[in-house]
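# Working through the structure, step by step
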Amino acid sequence: MSETKTGKKGKTGETETTEATAGAQLQPRRRGLTRRQKRAASRGLQYVVFVAAVAALAVTADWGGLRNQFAQSDLAGQMFPDIITLALKNTVLYTVSGFVFGLVLGMVVALMRLSSVGPYRWAAGIYIEVFRGLPALLIFIFVAVAVPLAFPGTEIPGGTYGKVALGLGLVSAAYMAETIRAGIQAVPKGQMEAARSLGFSHARAMVSIIMPQAFRIVIPPMTNQLVLLFKDSSLVLFLGVTLEERELAKFGRDLASQTANSTPILVAGLCYLLVTVPLGFVVRRLEAKAGEATR
Amino acid sequence: MTTNTETANTETTAGAPEIRVRDLHKSFGDNEVLRGIDLEIRQGEVVCVIGPSGSGKSTLLRCVNLLEEPTQGQVFVGGTEITDPDVDIDAVRRRIGMVFQQFNLFPHLTVTENLTLPQRRVLKRDKAEAARVAAENLQRVGLAEKATAYPSSLSGGQQQRVAIARALAMGPEVMLFDEPTSALDPELVGDVLAVMRMLANDGMTMMVVTHEMTFAREVADRVVFMDGGVIVEEGAPAQVIGAPRHERTRHFLSRLLDPATAEVGETPERMDKAGR
């Protein structure tokens, strides 16, 4: 694999040089364009294509229709303040409860994955593979339907909130476990040795020395996970929730079907972006900071 | 086990042996790194372990506080057999200070916190007591003014001195040094060696794996030369370093003193100590 790659590279490099030397020595002005001019021409062409595409979209789209369907300001106005005080609040609530549950479970699974006891490692490995390999929607349906069937008479505490926390938590725990495991393993081995040689037990060293360092390493990917969860909370749509429990996606869809207009969908979408874009910005800042601080 | 300890105690005559290693073997897979080591270090003695890379000297040191689990043999520290599976190894390690080649300071803590956290978590000292001991030991290694700094802002030599202070703050009976100056720029070696010399003068029992022959010659009570997983020769520094009896020791020392005389392929591959 790597051999073909390097071979290819070498070959292209060769042709380039031969072309360049041939061009320079034998026919310096054959095409009448220097390399810099060629580059400028190529870039100019790309601008032209872009502008043409945007213009084509602008001309062919039915702007009146779109505005009617997606941007009716009075309809959008009706959604306030409920979309914030109810829908966005619920979305945040679902996300945070799912994140907390996933973080706790993920931490346990990560430690199991690193355990010296074989069955713990295998169980954690299977859990991670299964829950990363299944669509989140399927797990939501499973939580809603299969859990009450499997344990008759048990009610998931917290009602819908509990179900959502469980569904989101189960999914995110698998991803978080892998992130946390990688974070723990990124802490140099000497740290554990130093702690042990000072008389820390393995567990205490993990808690006092390794975890705080691993935690710093995983903050950026964890924030990313939070963004993913925030979006996945929309799957509540399929759980059948009361009016009071609706979150952004459900709220937007219900209103859209009531009014036979898509404006609520657009507004709900903007509410998602209101949170995800700043969070994404934070992630990039944290990553840059982590990159700077590498020892 | 008790009978063993008793025999060991009656066997020795002069000065209580602080460290006692008996027929120690250690294998990594098929690779037998230690092939039967017997060694005794008395209280207050400074023993330097020298030898080529891969001779097993670091592994021997790591076996003394059980960072490596010996395959066979016994290790006694202060009369306790630490290789006994029933022994509380965390309790034993509190009595053994260890200094690593790569310092291994906790990068997320300040210098003072590096010293106080182990005292508080492991020895359950209260905050004021831990702070007092930390300040005292930082003073001792000449870094009192770096108390609030983070390790990353210190030079290698300063980091290693903090690492020594961190180990001392636990009040150990024995100090183990695993090539403490090998990762340092040459001009920073002196400060660390000075601290170690001071410790030796204060009567600390020390086992030092090192390539610093001048230090070994001047500070050590005894020098142990290892090669191929066995102790080839041991004795007073003037004898082992000054007038080695064995050809292997002579060969090693001549290469160490004048590396330019080594022939191609003679130097064995350096073992990755930092990675282990």
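Reading the values: rules and limits
As a convention, each chain's residues are numbered from 1 in the sequence order in which they are written. Starting at A for chains and at 1 for ligands, labels are handed out in the order in which the entities are written. Only residues with pLDDT of 70 or above have their local features reported here, since the model is predicted, and side-chain atom pairs are shown and tallied only from 80 upward, although totals for entire chains, interfaces and linings are computed over all residues. Side-chain metrics rest on all non-hydrogen atoms present in the structure, leaving aside hydrogens and water. Residue contacts are counted whenever heavy atoms from the two residues lie within 4.5 Å of one another. Note on definitions: buried area is the accessible-area loss of two parts on being combined, 1.4 Å probe, summed for both. One side-chain nitrogen of Lys or Arg within 4 Å of one carboxyl oxygen of Asp or Glu is enough to make a salt bridge. Patches were defined on residues exceeding 30% relative accessible area and lacking a salt bridge, with like-charge contacts within 9 Å and nonpolar side-chain contacts (Val, Leu, Ile, Met, Phe, Trp, Tyr) within 5 Å. The Shrake-Rupley method, run with a 1.4 Å probe, gives the accessible areas here. Residue values count only the displayed protein chains as cover. This count recognises Lys and Arg as positive and Asp and Glu as negative, with His and chain-terminal groups excluded. All charge positions are set by atom: Lys at NZ, Arg at CZ, Asp at CG, Glu at CD. By the criteria applied, helices consist of DSSP H or I runs no shorter than four residues and strands consist of E runs no shorter than two, each listed in order from the N terminus. Exposed residues in this analysis have more than 50% of their type's maximum accessible area, buried residues have under 20%, and partly exposed residues fall in between, with area computed by a 1.4 Å probe over protein chains only. For our purposes a nonpolar core is just a set of buried Ala, Val, Leu, Ile, Met, Phe, Trp, Tyr and Cys residues, chained together by side-chain atoms within 4.5 Å. When DSSP finds two or more bridges between two strands, those strands count as paired. Every axis in this analysis is a line fitted to C-alpha atoms, fitted for helices over the stretch in contact. Angles between the N-to-C directions lie between 0 and 180 degrees. We call Phe, Tyr and Trp rings a pair once their centres come within 6.5 Å, taking the six-membered ring for Trp, and we label the pair stacked below 30 degrees between planes, edge-to-face above 60, and tilted otherwise. A ring is scored as having a charge over it whenever the NZ atom of a lysine or the CZ atom of an arginine sits within 6 Å of its centre and within 35 degrees of its normal. In this analysis, the expected span of each helix is defined as 1.5 Å times one less than the number of residues it contains. UniProt positions are given in the numbering used here, feature names are shortened, and annotations may be inferred rather than shown by experiment.

Each partner contributes to the interface: chain A provides 19 residues, whereas chain B provides 25 residues. Here chain A meets chain B over a buried area of about 1800 Å², counting both sides, of which 60% is carbon and sulfur. It is A:Glu193, A:Ser197 and A:Leu198 that lose the most area in chain A upon contact with chain B, and together they represent 33% of the buried surface on that side. The interface formed by chain A and chain B contains two salt bridges. When the shortest N-O distance is used, the salt bridge between B:Arg62 and A:Glu193 registers 2.6 Å.

Okay, a positive patch on the surface next. Residues and elements named next belong to chain A. The grouping of Arg35, Arg36, Lys38, Arg39 and Arg43 at the surface amounts to a positive patch. Along the polypeptide, Arg36 turns up in helix 2 (residues 35-60). We classify Arg36 as exposed; its relative accessible area is 70%.

Counting residues in hydrophobic clusters, the biggest one holds 77 residues, and the most contacted among them are B:Val21, B:Leu60, B:Leu176 and B:Met207. Looking at which element gives the most residues to this core, the answer is helix 8 (residues 159-186) of chain A, with 10 residues. For B:Met207, the residues in contact, after removing those within four places along its chain, are B:Ile19, B:Leu39, B:Ile41, B:Val47, B:Val49, B:Leu60, B:Leu61, B:Val64, B:Met175, B:Leu176 and B:Phe177. With 47 residues, the next largest nonpolar core counts B:Leu115, B:Ala134, B:Ala147 and B:Val192 among its residues.

Before going further, it helps to spend a moment on the sheet that holds strand 7 (residues 174-178) of chain B. To summarise the sheet geometry, strands pair through backbone hydrogen bonds and adopt either a parallel or an antiparallel arrangement. Residue and element names in this part refer to chain B. Here six strands make up an open sheet; going across it, the order is 6-7-8-3-9-10 and the pairing mixed. If you trace the sheet from one side to the other, it starts and ends with strand 6 (96-99) and strand 10 (230-235), each paired once. Pairwise comparison of adjacent strand axes, ignoring direction, gives a mean angle of 15° for this sheet. Where strand 3 (residues 46-50) lies against strand 9 (residues 222-227), four bridges are found, and the strand directions are parallel. Bridge assignment links Val49 to a residue of strand 9, and that residue is Val224.

Look at A:Ala260: it is not a glycine, yet its phi comes out positive at around 50°. Here A:Ala260 lies in the loop between helix 11 (248-259) and helix 12 (263-292). Classification of A:Ala260 as exposed rests on a relative accessible area of 62%. We note that B:Asp23 has phi near 45°; this positive angle belongs to a residue other than glycine. Judged by relative accessible area, B:Asp23 falls into the partly exposed class, the value being 34%.

Moving on, we get to the packing of aromatic side chains. Under the criterion given, the structure shown has four aromatic pairs over all chains. With a centroid separation of 5.7 Å and 80° between ring planes, the pair formed by A:Phe230 and A:Tyr272 is classed as edge-to-face. Of this pair, A:Phe230 sits in helix 10 (residues 202-232) while A:Tyr272 is found in helix 12, placing the two residues 42 residues apart along the sequence. A:Tyr272 shares its class with A:Phe230; the two are buried. Taking the ring centre of B:Phe106 as reference, the NZ or CZ of B:Arg166 above it sits at 4.4 Å.

With that settled, the discussion passes to a nonpolar patch on the surface. All names here are of chain A. On the surface, Trp63, Leu66, Phe70, Leu266, Leu270, Leu273 and Val277 cluster together into a nonpolar patch covering about 660 Å² of accessible area. At four residues, the largest contribution of residues to the nonpolar patch is made by helix 12. Relative to the helices and strands, Leu270 resides in helix 12.

The next point concerns the pairing of strand 3 of chain B. Residues and elements named next belong to chain B. Of all the five residues making up strand 3, five are buried; the element is thus mostly covered by neighbouring parts of the structure. The alternating pattern of strand 3 places Val46, Cys48 and Ile50 on one face and Val47 and Val49 on the opposite face, and all of these are buried. Taken together, the four bridges between strand 3 and strand 8 (residues 205-209) define a ladder with parallel strand orientation. From the neighbouring strand, Val46 faces strand 8, where its bridge partner is Met206.

A few words now on the sheet that holds strand 1 (residues 17-28) of chain B. All names here are of chain B. Taken in spatial order, the four strands of this open sheet run 2-1-4-5, and their pairing is antiparallel. Both edges of this open sheet fall to strand 2 (31-42) and strand 5 (80-81), since each of them pairs with a single strand only. Here strand 4 (residues 72-77) runs beside strand 5; their pairing, made up of two bridges, is antiparallel. Bridged to Phe76 within strand 5 is Glu81.

Working note: α-helix, 3.6 residues per turn, so residues spaced by three or four point in the same direction. Residue and element names in this part refer to chain A. Its 16 residues give helix 6 (residues 118-133) an end-to-end C-alpha distance of 22 Å, which sits within 8% of 22 Å, the value for a rise of 1.5 Å per residue. Restricting attention to buried positions, one finds in helix 6 the residues Gly118, Ala124, Gly125, Tyr127, Ile128 and Phe131. Looking at the buried side of helix 6, the elements it contacts are helix 5 (82-113), helix 7 (136-150) and helix 8.

Okay, the UniProt feature "domain: ABC transmembrane type-1" (unreviewed entry) in chain A next. Listed under "domain: ABC transmembrane type-1" (unreviewed entry) in the UniProt record, and renumbered for this structure, are residues 88-283 of chain A. This span, residues 88-283 of chain A, is 81% helix and 0% strand, and a straight line between its end C-alpha atoms measures 21 Å.

Moving on: the UniProt feature "domain: ABC transporter" (unreviewed entry) in chain B. UniProt feature "domain: ABC transporter" (unreviewed entry): in the numbering of this structure it lies at residues 19-253 of chain B. Here residues 19-253 of chain B is 37% helix and 26% strand, with 26 Å between the C-alpha atoms at its ends.

All right, on to the pattern of salt bridges then. Residue and element names in this part refer to chain B. Counted according to the given criterion, the structure contains 23 salt bridges over all chains. Between Arg20 and Glu40 there is a salt bridge; the shortest N-O distance is 2.4 Å. Placement of the pair is Arg20 in strand 1 and Glu40 in strand 2, with a sequence separation of 20 residues. Residue classification places Arg20 among the buried residues on the basis of a relative accessible area of 9%. The exposure class of Glu40 is partly exposed, given its relative accessible area of 29%. Members of the salt-bridge network, linked through shared partners, are Arg42, Glu45, Arg222 and Glu234.

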